[in-house]
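Coordinate inspection notes
Next come the chains, spelled out residue by residue.
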Amino acid sequence: MQLQTIKAQKTTGSITVTFPTAFKNVPIVIVSSFWSGSSKAVGASETVTAVSTTQCIITSGNAASNYYVSVLAVDSGQASFGALPIVAGNAPKTQDIVEINFPNGALSSPDPVILLAPFWQNSGTGVGAVDTLDNSAASECTVASGNKAGADYFTSYVAANVGSGTVNGRTLISGIANKSGGGLLRVYFPQAFKNIPDVVISPWWNDQNAGVGAIDTVTNVTPTYFELTSPNAAQNFFINWMAVG
């Protein structure tokens, strides 16, 4: 499978991110916020507004000289990265809560790592809420938020077992971290990377039937851990993450 990560500086409301290598088919794109050195979270959800085999367009009001979008682009469908099974796709979202079904037997983790991102096709504008994982299983997941539209709005998802896989010297690690306190959270990788990896994150508010109220924002990444901040916090609130290095 093709899996690419890009960290792109964002100093304007909308940017075009070019993939290092063109995909054979239009990929699934996940995006999250990286505000390097910041002590606070960003104010808007990054929204994918167009995707082709060579590039994607990402839109929001977030912009600064030390602000970046972390992009994960993956072939659509069921595949694997080394030993790590992965499922990726776009699900139409025409109501507040939608259920996404995975292919039978594709995943085995009872709570897989599921990353979400809004895809508002050709809208030219960002969404106003955060697509949030509500609950998950190896066979399905539920997504909650106020984002919804007719035929042009989708929730993009990339789901994987908890674990790691390696292909051609590149390692992908997927994990889940509880965030029960507000503000800063430091998440250690189960194994250190040789370099600074690209990290993409997504919120999981278990069985809450609602989207979170703030955007979880990565503020620092090292070979051994990453840090994020937001006021989101609860015993049933988690950060799903994937790191590639």
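Residues numbered from 1 in each chain as written. Predicted model: local features only at pLDDT ≥ 70, side-chain atom pairs only at ≥ 80, totals over all residues. Heavy atoms only, no water.

**Some details on the pairing of strand β7 (residues 77-81)**
The pairing of β7 with strand β8 (residues 84-92) spans 5 bridges and is classified as antiparallel. Bridge pairing in β8 places Phe81 opposite Leu84. Counting the residues between successive antiparallel strands, the hairpin from β7 to β8 contains 2 residues, one of them, Gly82, with a positive phi of roughly 65°. (Pairing = 2+ DSSP bridges. Helix = DSSP H or I, 4+ residues; strand = E, 2+ residues; numbered from the N terminus.)

**Thoughts on the packing of aromatic side chains**
Applying the stated criterion across every chain, the model contains 11 aromatic pairs. Where Trp120 meets Tyr153, the ring centres are 6.4 Å apart and the plane angle is 90°; that geometry is what we call edge-to-face. Here the residue Trp120 occupies a position in strand β10 (residues 113-120), and Tyr153 occupies one in strand β13 (residues 153-160), the gap between them amounting to 33 residues. Looking at Trp120, the relative accessible area reads 24%, which means it is partly exposed. On the accessibility criterion, Tyr153 (1% relative accessible area) is buried. (Phe/Tyr/Trp six-rings, centres within 6.5 Å; stacked < 30°, edge-to-face > 60°. Buried < 20%, exposed > 50% of the residue type's maximum accessible area, 1.4 Å probe, protein only.)

**Quick word on empty space enclosed by the protein**
Here the structure, examined in full by the defined rule, presents 1 cavity of 30 Å³ or more. Volume-wise, the largest cavity comes out at about 210 Å³. Along its surface, the largest cavity is lined by 17 residues, and Val31, Ser32, Val130, Pro203 and Ile215 are the ones closest to its centre. Where the lining of the largest cavity is concerned, the elements lending two or more residues are β3 (28-35), β10 and β17 (198-205). Looking at the lining of the largest cavity residue by residue, the classes come out as 10 nonpolar, 4 polar and 3 charged. (1 Å grid on protein atoms, 1.4 Å probe; cavity = no way out; pocket = protein on both sides within 12 Å on 5 of 7 lines; lining within 4 Å. Points joined across faces, edges and corners; volume = space filled by probe spheres on them. Nonpolar A, V, L, I, M, F, W, Y, C, P; charged D, E, K, R; others polar.)

**Here we look at the nonpolar core**
The biggest cluster of nonpolar side chains holds 59 residues, and the ones touching the most others in it are Leu72, Val158, Phe226 and Trp241. In contact with Val158, not counting residues within four places along its chain, are Ile28, Ile30, Leu72, Val74, Ile86, Val87, Ala88, Val113, Ile114, Leu115 and Met242. In terms of nonpolar packing, the next biggest core, distinct from the first, is built from 16 residues, Ala91, Val98, Ile114 and Phe238 among them. (Core = buried A, V, L, I, M, F, W, Y, C linked by side-chain atoms within 4.5 Å. Contact = heavy atoms within 4.5 Å.)

**Things to note about the pattern of salt bridges**
Oppositely charged side chains may form a pair once their charged atoms are brought near each other. With the rule as written, the count across this model stands at 3 salt bridges. Here Asp96 ties to Lys148 by a salt bridge, and the two come within 3.1 Å at their closest N and O atoms. Linking Asp96 in the loop between β8 and β9 (97-101) with Lys148 in the loop between β12 (140-144) and β13, this pair joins segments that are 52 residues apart in sequence. A relative accessible area of 46% means that Lys148 is categorised as partly exposed. We note a salt bridge from Arg186 to Glu227, for which the minimum N-O separation is 2.7 Å. Here Arg186, found in strand β16 (residues 183-188), pairs with Glu227, found in strand β19 (residues 225-230); they are 41 residues apart in sequence, far enough to count as distant. (Salt bridge = Lys/Arg side-chain N within 4 Å of Asp/Glu carboxyl O.)

**A short note on the pairing of strand β6 (residues 67-74)**
Within β6, 7 of the 8 residues are buried, leaving the element largely enclosed by the surrounding structure. Pairing between β3 and β6: 8 bridges, direction antiparallel. When the sheet's bridge partners are listed, Trp35 is paired in β6 with Tyr67.

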